[in-house]
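Breakdown of the fold
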Amino acid sequence: MLYIGLMSGTSLDGVDAVLADVDSARSLKVLAHCCLDLPAELRAELLALNTPGDNELHRAALAANALSRLYAEAVARLLAQSGIAASEVRALGAHGQTVRHRPGEFDTCGYTLQLLNPALLAELCGIDVVADFRSRDVAAGGQGAPLVPAFHRAMFARSGKTVAVLNLGGIANLTVLTGDDTTLGFDCGPANVLLDHWCQQHTGRPYDDAGSWAAAGRVLPALLASMLNEPYFALPPPKSTGRDRFNPTWLTTHVGDQAGAQPQDVQATLAELTARTCADAVRRHAGAGRELLVCGGGARNDHLMRRIASLLPGCDVRPTDACALPASQVEAAAFAWLASAHCERRSGNLPSVTGAAGYRVLGALFPAG
Ligand SMILES: Nc1ncnc2c1ncn2[C@@H]1O[C@H](COP(=O)(O)OP(=O)(O)OP(=O)(O)O)[C@@H](O)[C@H]1O
Ligand SMILES: [Mg+2]
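Residues numbered from 1 in each chain as written. Chains lettered and ligands numbered in written order. Predicted model: local features only at pLDDT ≥ 70, side-chain atom pairs only at ≥ 80, totals over all residues. Heavy atoms only, no water.

As for the sheet that holds strand β13 (residues 364-366)
In a beta sheet, neighbouring strands pair by backbone hydrogen bonds and run either parallel or antiparallel. Read across the open sheet, the 6 strands follow the order β3-β2-β1-β4-β7-β13; overall the sheet is mixed. Of all strands in the sheet, those bounded by a partner on one side alone are β3 (28-37) and β13. Put simply, the sheet's adjacent strands are angled 20° from each other on average, direction ignored. Inspection of the sheet shows strand β7 (residues 129-131) paired to β13 by 3 bridges, in the antiparallel sense. When the bridges of β13 are listed, A131 appears paired with A364. (Pairing = 2+ DSSP bridges. Helix = DSSP H or I, 4+ residues; strand = E, 2+ residues; numbered from the N terminus. Axes fitted to C-alpha atoms, helices over the stretch in contact; angles between N-to-C directions.)

Okay, here's the thing in structure tokens:
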């Protein structure tokens, strides 16, 4: 069965899309991949919608329409690249853009909000759309995130061996696949979200290519200690986070104490924060594991990869590319896989990861015709 996964993550860098073949054994093979940048205006609006603002219901609805049109463009590209007809694709798994993530708060249920207009996407593509993957898990008392661990298990688990999978997107999330079939997973903290913000603000570039700017800076021990004091890092799983917590205000609160800090040194310290919190999470939760597979755009940050490897002596740290799924395709592939789970009425969440009361079929269906 062919499925398409569409993902636009916390980094707000663009839309990742894969066309994948999911077989009856639930393993997945990517047939085509494309990545579309978010137009600057849409990116700015989605970023602005992460915080309360004027007339935001109207603006959110229009941003959702614009993002749906971009998703449809990505679908058209995949179909053209592969020579596959829309009618051959069973469903699209469309994540949407998270603008708020507050599970378990306020009225105890809380909510998680991904902007998208799945009805428009179904209309534009003529393919069934599965969307809003996180809300059902939140309704069942879970974090609604991370949702990728079940897919990581299907793709990367090896019997009798502990394998850890680390996704370095805007936020870092870790999955631990133990050889005895248990799966752990949670968000570690910021991966690229603060690195990108600081780099953009001080160099004008959207991200620190290969981490070379950070690599030439000096880690500021007092700043690192101050950031590591963030209570989120010490919380036990289940836990998840996003821009609601790790945002420019959070960064300013910490950097504000560091009179005369050089921008490049702050970048080095932010990279160290990501490396330290991820390595600590691996050490604490995958103790015996000797293998760490890394995916997400952060796998291309050579400095970050070197720092994580050096904090985990004896652990084989490498991108998922070595396991037949390129680092840049894993998240989008997960949503193709979750769409297949929905269509077969299989659960997609893991209560051991999200803390939900039980297994649930994730997502809502918007039929093509
Ligand atoms: N060559 C590179 N060097 C350093 N960092 C890179 C490079 N290429 C990509 N990145 C980083 O990866 C980020 C994008 O990664 P990705 O798309 O996996 O994150 P995301 O959109 O937040 O996804 P998700 O929320 O699903 O994890 C960029 O914003 C940038 O920080
Ligand atoms: Mg992305």
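A short note on the site of ligand 1
As a matter of local geometry, ligand 1 sits amid 21 residues, with S11, G170, D196, A210 and G297 nearest to it. D209 is positioned with one of its side-chain polar atoms (N or O) 3.0 Å from a nitrogen atom of ligand 1. A total of 650 Å² of accessible area belongs to ligand 1 in isolation, and the protein chains cover 91% of it. Composition of the shell around ligand 1 by domain shows at least three residues from each of domain 1 (2-144 + 330-366) and domain 2 (149-327). (Near = heavy atom within 4 Å. Polar contact = N/O pair within 3.5 Å; in protein donor to acceptor, adjacent residues only side chain to side chain. Areas by Shrake-Rupley, 256 points an atom, 1.4 Å probe, with all protein chains shown as cover. Domains from an automatic or database assignment.)

Structural notes on helix α3 (residues 118-125)
The set of residues buried in α3 consists of P118, L120, L121, A122 and C125. Contacts made by the buried residues of α3 are with β1 (2-7), α2 (56-82), β4 (89-94), β7 and β13. G126 sits one or two residues past α3 and shows a positive phi near 65°. (Buried < 20%, exposed > 50% of the residue type's maximum accessible area, 1.4 Å probe, protein only. Contact = heavy atoms within 4.5 Å.)

Section: the pattern of salt bridges
All told, the structure shown has 14 salt bridges when counted by the stated rule. As a salt-bridge pair, R102 and E105 come within 2.8 Å of each other at their nearest N and O atoms. Classification of E105 by relative accessible area gives partly exposed; the value is 30%. A salt bridge links D316 to R318, with the shortest nitrogen-to-oxygen separation between them at 3.2 Å. Under the relative-accessibility criterion, R318 is labelled partly exposed at 27%. Taken together, the shared-partner salt bridges in this structure form one network comprising R158, K161, E291, D316 and R318. (Salt bridge = Lys/Arg side-chain N within 4 Å of Asp/Glu carboxyl O.)

What to know about the domain arrangement of the chain
Per the domain assignment, the segments making up the chain are domain 1 (2-144 + 330-366) and domain 2 (149-327). The distance between the C-alpha centroids of domain 1 and domain 2 comes to 23 Å. At the interface, 25 residues of domain 1 touch 27 residues of domain 2. Of the roughly 2000 Å² buried where domain 1 meets domain 2, counting both sides, 62% is carbon and sulfur surface. (Buried area = accessible area lost by both parts, 1.4 Å probe.)

Focus: the nonpolar core
Counting 59 residues, the largest nonpolar core has L166, L168, L174, L292 and I308 as its most contacted members. The element best represented in this core is helix α12 (residues 330-343), accounting for 10 residues. With residues up to four places along the chain from it excluded, the contact list for L292 reads A164, V165, L166, L174, V282, I308, L312, C315, D316, V317 and R318. Among the nonpolar cores identified, the runner-up in size contains 38 residues, and L38, A60, A63 and A122 belong to it. (Core = buried A, V, L, I, M, F, W, Y, C linked by side-chain atoms within 4.5 Å.)

Structural notes on the packing of aromatic side chains
For the structure shown, the criterion picks out 6 aromatic pairs. Note on Y232 and F246: the rings are 6.0 Å apart at their centroids and 85° apart in plane angle, and the pair reads as edge-to-face. Of this pair, Y232 sits in the loop between α8 (221-228) and α9 (248-255) while F246 sits in the loop between α8 and α9, and the two are 14 residues apart along the sequence. Classification of F246 as buried rests on a relative accessible area of 0%. Taken together, the aromatic side chains of Y232, F233, F246 and W250 make up a single cluster linked through ring pairs. Over the aromatic face of Y232 sits the side chain of K239, whose NZ or CZ is 4.5 Å from the ring centroid. The ring of W337 carries the charged tip of R346 above its face, separated from the ring centre by 5.8 Å. (Phe/Tyr/Trp six-rings, centres within 6.5 Å; stacked < 30°, edge-to-face > 60°. Lys NZ or Arg CZ within 6 Å of the ring centre and 35° of its normal.)

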